[in-house]
Structure formats: structure tokens, C-alpha cells
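Reading the structure
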Amino acid sequence: MQDKIMNAFAEQTKNMYAPMRKMNALMVENMEKMTEFQIEALKSYSKMGVNQLKNATEIKDADSVRDFSASQAELMSTLSKKVLEDAKSMADMTMEFKQEVEKIVEESRTTAAATPAAESKPAAKGNSRSSASA
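What comes next is a walk through the structure. Quick caveat: nothing in here was measured; it's all calculated off a predicted structure.

Describing the overall build of the protein chain
A tally of helices and strands in the protein chain yields two helices and zero strands. In the protein chain, which comprises 134 residues, the share counted as buried stands at 10%. In the protein chain, of all internal contacts separated by at least 6 residues, the share reaching a separation of at least 24 is 78%. Roughly 10,600 Å² of accessible area belongs to the protein chain as shown, and the carbon and sulfur atoms make up 62% of that amount.

This is the structure in C-alpha cells:
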């Protein structure tokens, strides 16, 4: 009898904390993915900036100033496109995370709704036995 109670308690605890474990794992995975993405984006932006600084040090005459100015315009266009792409990627990752959270919540809701129904049937049988013996 005591073993059954302890096993039931352990099972309920496991079922109660399973969604939290899934949610925590998902959050850590998402944080890792976002951090990795941001680090790579920062590297890319830094590389663009350093390259432009190097190009600026090579200015020696009017022609090189003109070429540098043209490359600045190209860089701004490239940078704008990169920022838009990165923003879209971040939005996609956020939507993916949101969908995964919703999936975990729905699984939890389904499990929680199914558990009382499953537990009430044995309890009802147990009550009918105890009332029959009383």
C-alpha cells in the first residue's frame, strides 16, 4: 500500500515537472542558438567595418578618395541588406521558439486533462468497493 502511494507520488511529480524540464531545455537551446547567431552577426559587421578602415588607410589621392566613397555606398547597401536578413532570421527563430513553447503548453494541457480522468476511474471503483464493504 505504501509502495503504491510512493509510486503514485513519484509519477505525479514526474508528470508535473516534465513540462518545466522541456521548457527549460527549449529555453537553453534557444538562448544558445540566438547567442551563436548574434556572435556571428557581430563578427560579420566587425569585419565589414575593419575592411573599410583598412581601405581608408589606403587613400593617397583624389582618385582613391573617389573609389573609397563609392565603396562606402556599396558597403551601406550591403550592410542594409545584411541587417534586414539578420532581422528576418531573428524573427524566424523567435517564431520557431514560440511554436515550440505552444506545443509544450498544449502537451501539458492535454496530459493534465487526461490525468484526472484516468485517476478518477480507479478512485470511483475504489469508492464503490469501500462503500459496498461499509
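Digging into helix 1 (residues 2-57)
With 56 residues, helix 1 ought to run about 82 Å at 1.5 Å a step, and its terminal C-alpha atoms sit 80 Å apart, in line with that. Where helix 1 bends most, at Tyr-17, the angle is about 35°, and the proline Pro-19 comes one to four residues later. Those residues of helix 1 not exposed but buried are Leu-26, Asn-30, Met-34, Ala-41, Met-48 and Gln-52.

Description of a negative patch on the surface
Taken together, the side chains of Glu-29, Glu-32, Glu-36 and Glu-100 present a region of like negative charge at the surface. At three residues, helix 1 tops the list of elements feeding residues into the negative patch. Position of Glu-100 among the secondary structure elements: in helix 2 (residues 62-133). Residue Glu-100 is classed as partly exposed on the basis of its relative accessible area, which comes to 32%.

Here we look at the environment of Met-34
Looking at where Met-34 falls in the secondary structure, it is placed in helix 1. Sequence-wise, Met-34 and Met-93 are 59 residues apart; in three dimensions their C-alpha atoms are separated by 7.8 Å. Once residues within four sequence positions are removed from consideration, Met-34 is found in contact with Met-90, Met-93 and Thr-94.

About the criteria used
Residues numbered from 1 in each chain as written. Predicted model: local features only at pLDDT ≥ 70, side-chain atom pairs only at ≥ 80, totals over all residues. Heavy atoms only, no water. Helix = DSSP H or I, 4+ residues; strand = E, 2+ residues; numbered from the N terminus. Buried < 20%, exposed > 50% of the residue type's maximum accessible area, 1.4 Å probe, protein only. Contact = heavy atoms within 4.5 Å. Areas by Shrake-Rupley, 256 points an atom, 1.4 Å probe, with all protein chains shown as cover. Expected span 1.5 Å × (residues − 1). Bend = angle between axes of the 7 residues up to and from the residue. Patch = residues over 30% accessible without salt bridge, like charges linked within 9 Å, V, L, I, M, F, W, Y side chains within 5 Å. Salt bridge = Lys/Arg side-chain N within 4 Å of Asp/Glu carboxyl O. Lys, Arg positive; Asp, Glu negative; His and termini not counted. Charge placed at Lys NZ, Arg CZ, Asp CG, Glu CD.

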